[in-house]
Amino acid sequence: MAARLAERVSFPVDILINSSHEDLKNSADKYLSNLRSASPNCPEFLSLPVHGKVPIKLSAVGFVPLYGEEQTHKVLALFAPGDSITAVALYLADKWWSIDDIVRTSVSARQGLHQVKSVGERIVLVLNRIIYRTQEMERNEIPFLCHGSNEYAKTMWKEGEAIGFYSVKPTGSICSSHCGKNYKLPVLDTAFVRPRHGERDSGLIILEDFVDSFTEKCLGLYPLSSFMYTACKQYLEKYPWDESLLYEVNGPGYWFQRTCVATIVQRERLQFAAEASQTEKSSQAKINFLESAAVSEASGQKTELETQLSAESQKGKESTDVHASTSEDPNTAPASIWT
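In this text the structure is predicted, and so the values were computed from the model without any measurement.

### A word on the nonpolar core
Okay, so step 1: Ranked by internal contacts, the top residues of the largest apolar core, which has 37 residues, are Tyr166, Ile206, Leu207, Phe210, Leu221 and Leu246.
Okay, so step 2: Looking at this core, the elements with two or more residues in it are strand E8 (152-158), strand E9 (161-169), strand E12 (187-193), helix H6 (202-213), strand E13 (219-221), helix H7 (226-238), strand E14 (246-249) and helix H8 (261-326).
Okay, so step 3: Take this core: its biggest share by element is 6 residues, from H7.
Okay, so step 4: In contact with phenylalanine 210, other than residues within four places in its own chain, are Tyr166, Val168, Pro186, Leu188, Leu219 and Gly220.
Okay, so step 5: Residues Phe11, Leu92, Trp97 and Ile131 belong to the second largest nonpolar core, which totals 23 residues.

### Considering the sheet that holds strand E4 (residues 70-79)
Okay, so step 1: In space, the 4 strands of this open sheet follow the order E3-E4-E5-E6, with antiparallel pairing throughout. Edge positions in the open sheet fall to strand E3 (61-67) and strand E6 (95-98), since each of these has one partner strand only. Taking the axes of each pair of neighbouring strands and ignoring which way they run, one obtains an average angle of 50 degrees across the sheet.
Okay, so step 2: Across 4 bridges, strand E5 (residues 87-92) lies against E6 in antiparallel orientation. Along E6, the bridge assignment pairs leucine 90 with tryptophan 97.
Okay, so step 3: In the packing of helix H3 (residues 21-37) onto the sheet, contacts are made with E3, E4, E5 and E6, and the angle to E3 comes to roughly 170 degrees.

### Regarding the pairing of strand E1 (residues 44-48)
Okay, so step 1: Two strands pair when backbone bridges link them, and E1 and strand E2 (residues 52-56) are joined in this way by 5 bridges, in the antiparallel orientation. Considered in E2, the bridge of leucine 48 is made with glycine 52.
Okay, so step 2: What sits between E1 and E2 in their antiparallel hairpin is a turn of 3 residues.

### Here we look at the confidence of the model for the chain
Okay, so step 1: Across the chain, the average pLDDT comes to 83, with 79% of residues at 70 or higher.
Okay, so step 2: For the chain, per-element mean pLDDT is lowest for helix H1 (residues 2-9), which scores 47, and highest for E13, which scores 98.
Okay, so step 3: Note that pLDDT drops below 50 for residues 322-339; the model gives that stretch 0 contacts with residues more than four away or on any other chain.

### As for the sheet that holds E9
Okay, so step 1: In space, the 7 strands of this open sheet follow the order E7-E8-E9-E12-E13-E14-E15, with mixed pairing throughout. A strand with exactly one partner marks an edge of an open sheet, and here the two such strands are strand E7 (112-115) and strand E15 (258-260). On average, adjacent strands in this sheet sit at an angle of 35 degrees to one another, irrespective of strand direction.
Okay, so step 2: The pairing of E13 with E14 spans 3 bridges and is parallel. Directly across from leucine 221, in E14, lies its bridge partner glutamate 248.

Cut-offs applied
Residues numbered from 1 in each chain as written. Predicted model: local features only at pLDDT ≥ 70, side-chain atom pairs only at ≥ 80, totals over all residues. Heavy atoms only, no water. Core = buried A, V, L, I, M, F, W, Y, C linked by side-chain atoms within 4.5 Å. Buried < 20%, exposed > 50% of the residue type's maximum accessible area, 1.4 Å probe, protein only. Helix = DSSP H or I, 4+ residues; strand = E, 2+ residues; numbered from the N terminus. Contact = heavy atoms within 4.5 Å. Pairing = 2+ DSSP bridges. Axes fitted to C-alpha atoms, helices over the stretch in contact; angles between N-to-C directions. pLDDT = per-residue confidence, 0-100.

Structure (structure tokens):
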């Protein structure tokens with residue numbers, strides 16, 4: 001009973017442990033042959049959460065390359081009605097699987113970062129990249145290139161689901177963007193964790209694993225995305241003695257194509273400090289100006305009051321003088337007037 005239950009809940013990544021690309025192709029060819037001989041008027045349906053019941057017929061299926069421009073390895077895909085671009089299911093291990101189920105596992109030991117080795121794990125890696133590009137990539141981000149069939153990569157698993165991945169170009173591997181030159185150091189070229197699953201230290205976990213997986217004295221990152229830049233700052237705070245380990249690289253990573261990440265972080269901190277200082281000076285200058293204006297206004301009001309009081313005092317004095325000059329002398333006798 002328990003064995004049948006385990007078999008029922010197993011997913012492609014758990015089943016395709018010892019399978020090859022050829023096994024997938026042979027299985028798909030056999031299925032396609034049977035589909036051609038089936039009645040087109042009575043198709044089977046695959047129930048999917050988002051798309052509902054999708055008819056399985058010749059016009060809705062086709063082989064798609066697993067590794068981008070590399071046409072050697074393909075897998076049979078099912079497309080939703082009216083959409084010949086987006087695959088909604090893949091034919092693996094002799095049955096159709098939804099995209100969501102393909103990135104799941106029933107093996108409890110598959111937790112954290114695991115290196116991609118089997119065909120099933122490579123398919124999970126490819127689908128993670130597709131999920132990123134179609135659902136969660138931001139506009140200002142550089143899209144990840146397609147992973148090759150022999151790419152060094154690790155998938156991050158959490159609670160039975162593949163939630164992220166990272167891939168590396170090892171030392172000596174071909175740098176296709178620079179005339180086929182070889183990488184001079186290991187370069188972490190893609191890293192992604194789905195936002196709804198990612199925690200604050202997800203990037204740090206990836207970076208720590210990258211450092212632990214390679215023994216070279218210098219390790220590269222390209223592109224230095226905001227996600228990995230945050231991880232680098234966390235790493236340097238935790239391991240300050242590794243300040244000369246991580247480099248942002250261009251191309252294959254010759255010495256003149258490297259910039260120390262610690263230097264980039266320090267430069268940013270100095271810039272922030274300078275901006276904060278300038279902001280503080282501007283704020284203080286504004287406060288000083290307002291205080292000076294308040295003092296000037298108060299001084300002006302005081303001067304105006306003093307002037308008013310002085311004027312009133314002077315007016316009172318003049319009034320007294322005039323009154324004194326027009327009053328009769330009490331010692332002078334009044335003149336008599338006779339008619």
